[in-house]
Amino acid sequence: MKLLVTAGPTREPLDPVRYLTNRSSGKMGYAMADALARAGHSVLLVSGPTRLEVPDGVDFLPVETAAEMFDAVRRHIGRMDAAVFAAAVADYRPAAAASQKIKKTGETLVLELVRNPDILGSVRDEFGFNGTLVGFAAETENLEANARDKLQRKGCDLVVANDVSKPGIGFDSDRNEVLLVFPAHSEVLPEDEKHHLAPRIVREIERLAAERASA
Ligand code: C5P
């Protein structure tokens, strides 16, 4: 199969020396790209800035902002059989990036933020993608209900949900515990290394893609 994987945080500039970002390390998305390539698939990894090495045999398209990630996905999604959206995309960006470094003046500073496009949420309707679609959900409460809502709203075949409020797993950790949320059921994958969970999730994606192909 040909797959696109998004991973990492996005970085939204405020001025030439500052940006807004989040705690995503990119480890889960890179583990997915690696496991997919090892399983013999052709992988394009569209990634925000991380400290990770690009897995062997994976095509790499680095981006910084959500807008750049949106454009990269729009350009490449058409030739993909499946897509995995593991990036932690900033929901908002500064309304305007200042061209010069912002100087300290008043005692408070108010930033105006505007909504970023929902990349995964654009894939079905706006980009017309008909392949297998996998989203990720990082939640701090109501894990299953929030993930199931995302599955339906964004037209996913699977949402991989993790509780980022649990210590020692999720953001910036090598370990994770995930809930696989499918349209008709859910399944827990107990805590393990991200590199062990990823091949399990790959097998589910292969199964979903085979089902879609035979439907
Ligand atoms: O709605 P929420 O951000 O929690 O959804 C998470 C899922 O949507 C993840 O798969 C993430 O990669 C994707 N997403 C996206 N573009 C955004 C926000 C989230 O692709 N702007």
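Summary of the structure given here. (Residues numbered from 1 in each chain as written. Predicted model: local features only at pLDDT ≥ 70, side-chain atom pairs only at ≥ 80, totals over all residues. Heavy atoms only, no water.)

### Some remarks on the pattern of salt bridges
Throughout the structure, instances matching the rule amount to 18 salt bridges. In this structure, a network of salt bridges that share partners links the residues Glu187, Arg200, Glu204, Arg207 and Glu211. (Salt bridge = Lys/Arg side-chain N within 4 Å of Asp/Glu carboxyl O.)

### Thoughts on the environment of alanine 138
Summarising the element assignment, alanine 138 is placed in strand 9 (residues 132-139). Sequence separation of alanine 138 and valine 164 is 26 residues, and the distance between their C-alpha atoms is 5.9 Å. Discounting chain neighbours no more than four positions away, the residues touching alanine 138 are Asn162, Val164 and Phe171. (Helix = DSSP H or I, 4+ residues; strand = E, 2+ residues; numbered from the N terminus. Contact = heavy atoms within 4.5 Å.)

### Some words on the layout of surface pockets
Reported here for the largest pocket is a volume of approximately 980 Å³. With 4 residues, the top contributor of residues to the lining of the largest pocket is strand 9. Classifying every residue of the lining of the largest pocket by side-chain character gives 16 nonpolar, 13 polar and 9 charged. Put simply, the second largest pocket is a space of about 220 Å³. Every residue lining the second largest pocket is counted, 13 residues in all, and those nearest its centre are Tyr30, Ala31, Leu52, Glu53 and His195. Secondary-structure elements contributing two or more residues to the lining of the second largest pocket are helix 1 (27-38) and helix 5 (194-214). If one sorts the elements of the lining of the second largest pocket by residue count, helix 1 sits on top with 4 residues. (1 Å grid on protein atoms, 1.4 Å probe; cavity = no way out; pocket = protein on both sides within 12 Å on 5 of 7 lines; lining within 4 Å. Points joined across faces, edges and corners; volume = space filled by probe spheres on them. Nonpolar A, V, L, I, M, F, W, Y, C, P; charged D, E, K, R; others polar.)

### Quick word on the environment of alanine 145
Structurally, alanine 145 is set in helix 4 (residues 143-153). Sequence separation between alanine 145 and valine 43 is 102 residues; the distance between their C-alpha atoms is 30 Å.

### Observations concerning the site of the ligand
Near the ligand the following residues occur: Phe85, Ala87, Val89, Asp91, Pro117, Asp118, Ile119, Leu120, Gly135, Phe136, Lys150 and Lys154. Interatomic distance of 2.6 Å between a backbone N/O atom of alanine 87 and an oxygen atom of the ligand. At a separation of 2.8 Å, an oxygen atom of the ligand approaches a polar backbone atom of leucine 120. For the ligand, the accessible surface in isolation is 450 Å², of which the surrounding protein chains cover 85%. Structurally, the ligand is housed in the largest pocket. Counted by class, the shell around the ligand contains 7 nonpolar, 1 polar and 4 charged residues. (Near = heavy atom within 4 Å. Polar contact = N/O pair within 3.5 Å; in protein donor to acceptor, adjacent residues only side chain to side chain. Areas by Shrake-Rupley, 256 points an atom, 1.4 Å probe, with all protein chains shown as cover. Sits in = over half its atoms within 2 Å of the grid points.)

### So, the pairing of strand 9
Taken across its 8 residues, strand 9 has 7 buried, putting it largely inside the fold. The pairing of strand 6 (residues 82-85) with strand 9 spans 4 bridges and is parallel. Residue pairing for strand 9: alanine 83 is matched across the bridge by leucine 133. Bridging between strand 9 and strand 10 (residues 158-163) involves 6 bridges; their strand directions are parallel. Paired with glutamate 139 across the bridge in strand 10 is aspartate 163. (Buried < 20%, exposed > 50% of the residue type's maximum accessible area, 1.4 Å probe, protein only. Pairing = 2+ DSSP bridges.)

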